[in-house]
Amino acid sequence: MTHVVTEACIQCKYTDCVDVCPVDCFKEGPNFLTIDPDECIDCAVCIPECPVNAIFAEEDVPKDQLHMTEINAKLAQSPEYTTITKRKDALDTAEEYKDRTDKLPLLKY
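Cut-offs applied
- Residues numbered from 1 in each chain as written.
- Predicted model: local features only at pLDDT ≥ 70, side-chain atom pairs only at ≥ 80, totals over all residues.
- Heavy atoms only, no water.
- Helix = DSSP H or I, 4+ residues; strand = E, 2+ residues; numbered from the N terminus.
- Polar contact = N/O pair within 3.5 Å; in protein donor to acceptor, adjacent residues only side chain to side chain.
- Salt bridge = Lys/Arg side-chain N within 4 Å of Asp/Glu carboxyl O.
- Buried < 20%, exposed > 50% of the residue type's maximum accessible area, 1.4 Å probe, protein only.

> Just give me the short version of the side chain of K103, but keep the residues and values in it.
Structurally, the position occupied by K103 is in the segment after α3 (94-97). A distance of 2.8 Å separates a polar atom in the side chain of K103 from the backbone oxygen of A8.

Right under this line is the structure:
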């Protein structure tokens, strides 16, 4: 089992979750964080840390976000997405986008 970052993270990229991860399973891309399913130990400490509620246990991913499970796995293997181990400032666009939905077209691979 793993955890999944959903569309709510796109254009926000808050990294509060990264600081609490005991196994460094987060990968960072241009405007999104992903969880490497091969590294995640299903501890769930990241879930309450996300200020936009973008992280779910795989079995709890909302139906309209199920596509993000495969996207997380693919991006975790992408050379464009690198391991992040320390919290950073959110994107400049975070406040503007934090409550928006349907952000998948904005995802940068």
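> So what about the pattern of salt bridges? Which residues, and what values?
A side chain of one charge can pair with a side chain of the opposite charge when the charged atoms of the two come close. By the definition in use, this model includes seven salt bridges. D16 is paired through a salt bridge with R87; the nearest N and O atoms lie 3.6 Å apart. One end of the pair, D16, is in helix α1 (residues 16-20); the other, R87, is in the loop between β5 (82-83) and α3, and 71 residues separate them in sequence. The residue R100 makes a salt bridge to E96 at a minimum N-O spacing of 3.5 Å. The exposure class of R100 is partly exposed, given its relative accessible area of 41%. Connected via shared salt-bridge partners are K13, E28 and K88.

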